[in-house]
Amino acid sequence: MSRSPERRTILALGPALLVLLTGLGTAAWADPGDETTAEVEDVVALVEDIFAEVESLDGAESESRRGEEVTVALTSDVLFALDRAVLTPRARQRVERVAERVRADSAGGTVRIEGHTDDQGGDAYNAALSLRRAGAVREALQGGLTGVTFQVEGFGERRPRVPNIVEGRPLEENRARNRRVEIVFTAKE
């Protein structure tokens, strides 16, 4: 079976739309002796943003990038004792490594620090705890970063990375992933 050659053109229109134009007119898709032809129509398909995430081997840190926005997520279990907002000595070393990364790769401007909790505890308690934890990370970063403005937010359990409860059962692994502080900055081009 042979197919007639056709010309394909791919156009990217904006970050979320991809247009594939295939040939002009008709295209023969059947055997050479067959007279069947079909009209070729433009195909328009939505393309999702490309999102890559790299996680440390111990699962305590991950980094993702969307365009020029970089997010470094540190699990709260590595940074803080249970229900506390004081960084451990080991956590201070980890935050210092993140500060070095921000210093090297940031375009300046605003660095957002966002605290998150799991679904255990009340909403008001979790919101306050996540804000205090984000503030503790800001204090640790401030000493090593100049020329940036910090924006600190506590989201409590409102923005989980993964569901806390699956099929009616709480998953401790997911809850642990949701307890985190994220440092978000714009990378140099």
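Before any of the text, the structure's been laid out above.
Model, not experiment: these values are computed from the prediction.

Parameters and conventions
- Residues numbered from 1 in each chain as written.
- Predicted model: local features only at pLDDT ≥ 70, side-chain atom pairs only at ≥ 80, totals over all residues.
- Heavy atoms only, no water.
- Helix = DSSP H or I, 4+ residues; strand = E, 2+ residues; numbered from the N terminus.
- Buried < 20%, exposed > 50% of the residue type's maximum accessible area, 1.4 Å probe, protein only.
- Pairing = 2+ DSSP bridges.
- Axes fitted to C-alpha atoms, helices over the stretch in contact; angles between N-to-C directions.
- Contact = heavy atoms within 4.5 Å.
- 1 Å grid on protein atoms, 1.4 Å probe; cavity = no way out; pocket = protein on both sides within 12 Å on 5 of 7 lines; lining within 4 Å.
- Points joined across faces, edges and corners; volume = space filled by probe spheres on them.
- Nonpolar A, V, L, I, M, F, W, Y, C, P; charged D, E, K, R; others polar.

Let us now look at unusual backbone geometry. With glycine set apart, most residues show a phi of negative sign, and most peptide bonds adopt trans. Even without being a glycine, Asp83 presents a positive backbone phi close to 60 degrees. By the element assignment, Asp83 lies in the loop between helix H1 (76-79) and helix H2 (89-105). The class of Asp83 is partly exposed, set by a relative accessible area of 38%. Even without a glycine there, the phi angle at Glu167 is positive, about 55 degrees. Inspection of the secondary structure assignment puts Glu167 in the loop between strand E11 (165-166) and strand E12 (169-170).

Another aspect to go through is the sheet that holds strand E13 (residues 180-186). If you walk across this open sheet you meet the six strands as E6-E7-E8-E13-E9-E10, and the pairing is mixed. At either margin of the open sheet sits one strand with a lone partner, and together these are strand E6 (52-55) and strand E10 (148-154). Shown here is a sheet whose adjacent strand axes are inclined to one another by a mean of 15 degrees, direction ignored. Sitting on the sheet, helix H3 (residues 123-142) is in contact with strand E9 (109-116), E10 and E13, with an inclination near 160 degrees to E10.

As for its position among the elements, His116 is in strand E9. In this structure the C-alpha to C-alpha distance between His116 and Glu153, which are 37 residues apart in sequence, comes to 9.0 Å. For His116, the residues in contact, after removing those within four places along its chain, are Ser76, Ser130, Phe155, Gly156, Arg159, Asn178, Arg179, Arg180 and Glu182.

Turning our eyes to something else, we now look at the pairing of E13. Here E13 lies mainly inside the structure; six of its seven residues are buried. Sheet topology note: the strand E8 (residues 69-75)/E13 ladder contains seven bridges and is antiparallel. Pairing of Thr75 across the sheet is with Arg180, part of E13.

Glancing now at empty space enclosed by the protein. A water-sized probe rolled over the atoms picks out the places where empty space is left. Applying the stated rule across the entire model yields one cavity of 30 Å³ or more. Around the largest cavity, the lining residues are Glu55, Gly59, Ala60, Glu61, Ser62, Ala73, Leu74, Thr75, Arg161, Arg177 and Arg180. Mapped by element, the contributors of at least two residues to the lining of the largest cavity are strand E7 (61-66) and E8. Looking at the lining of the largest cavity element by element, the count peaks at three residues for E8. Class assignment of the residues belonging to the lining of the largest cavity gives a composition of three nonpolar, three polar and five charged.

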